[in-house]
Amino acid sequence: LDAEAELEGSERVRGAFDITHSATASLSATISRDWSIGTTARYGTGGPHTPIIGAAETSAGRLQPVYGELMSERLPSYSRLDGRVMRYVRAQSFLLTTFAEILNVTGRSNIASFAYDSTYTRREAVNSFFSQRTLVVGGEMMLR
């Protein structure tokens with residue numbers, strides 16, 4: 001996703017959604033008539049962001065951030081591996097599909113943004129929503 005934003009004055013910078021390289025691969029295999037397994041891998045280059053390079057004191061004595069060049073830095077790349085097991089229960093009147101899925105099998109902490117301390121001298125990574133392994137269990141019933 002090559003994305004640009006045009007600023008007032010016609011200057012062009014990377015857009016917030018400029019994920020230059022992105023790939024998703026999915027693989028599933030039928031183990032038996034009633035069981036299947038699958039995996040999905042995702043990768044994306046980090047999104048651009050504007051760094052905070054320091055702080056300046058206002059006339060009221062408060063600190064405000066001093067920003068670097070617009071969209072001049074990128075977050076670290078994003079990657080995630082998910083795994084799934086599915087079971088099918090067949091009956092004459094219904095089909096029940098059940099699954100258990102582990103999101104982020106590797107437990108990789110993908111960075112979504114940065115948070116700064118009150119002096120704007122230290123930043124801390126803010127992880128994406130699925131930065132911890134997450135177990136999802138569910139099912140679907142189809143009546144015939």
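Residues numbered from 1 in each chain as written. Predicted model: local features only at pLDDT ≥ 70, side-chain atom pairs only at ≥ 80, totals over all residues. Heavy atoms only, no water.

We now examine the packing of aromatic side chains. A full pass over the atoms with the stated rule returns one aromatic pair. Ring centres 4.8 Å apart and planes at 85 degrees place the aromatic pair F129 and F130 in the edge-to-face group. In this arrangement the basic side chain of R84 is found over the ring face of F99, its NZ or CZ atom lying 4.3 Å from the centre. Of note, R123 hangs over the ring of F114, and the distance from its end group to the ring centre comes to 3.8 Å. (Phe/Tyr/Trp six-rings, centres within 6.5 Å; stacked < 30°, edge-to-face > 60°. Lys NZ or Arg CZ within 6 Å of the ring centre and 35° of its normal.)

Taken together, the side chains of L81, I102, V105, L135 and V137 make up a nonpolar region of the molecular surface, amounting to roughly 430 Å² of accessible area. Relative to the helices and strands, L81 resides in strand 9 (residues 78–90). Relative accessible area serves as the criterion here: at 33%, L81 is assigned to the partly exposed category. (Patch = residues over 30% accessible without salt bridge, like charges linked within 9 Å, V, L, I, M, F, W, Y side chains within 5 Å. Areas by Shrake-Rupley, 256 points an atom, 1.4 Å probe, with all protein chains shown as cover. Salt bridge = Lys/Arg side-chain N within 4 Å of Asp/Glu carboxyl O. Helix = DSSP H or I, 4+ residues; strand = E, 2+ residues; numbered from the N terminus. Buried < 20%, exposed > 50% of the residue type's maximum accessible area, 1.4 Å probe, protein only.)

A few words now on the pattern of salt bridges. Following the criterion strictly, the structure yields six salt bridges and no others. With its nearest N and O atoms 3.4 Å apart, the salt bridge here joins E73 to R123. Placement of E73 in strand 8 (residues 73–74) and of R123 in strand 12 (residues 123–127) is noted, with a sequence separation of 50 residues between them. The partner of E101 in a salt bridge is R84, and the shortest N-O contact between them spans 3.0 Å. Residue E101 is found in strand 10 (residues 94–103), and its partner R84 is found in strand 9; the two are separated by 17 residues along the sequence. Here the salt bridges do not stand alone but share partners, grouping R42, R80 and D82 into one network.

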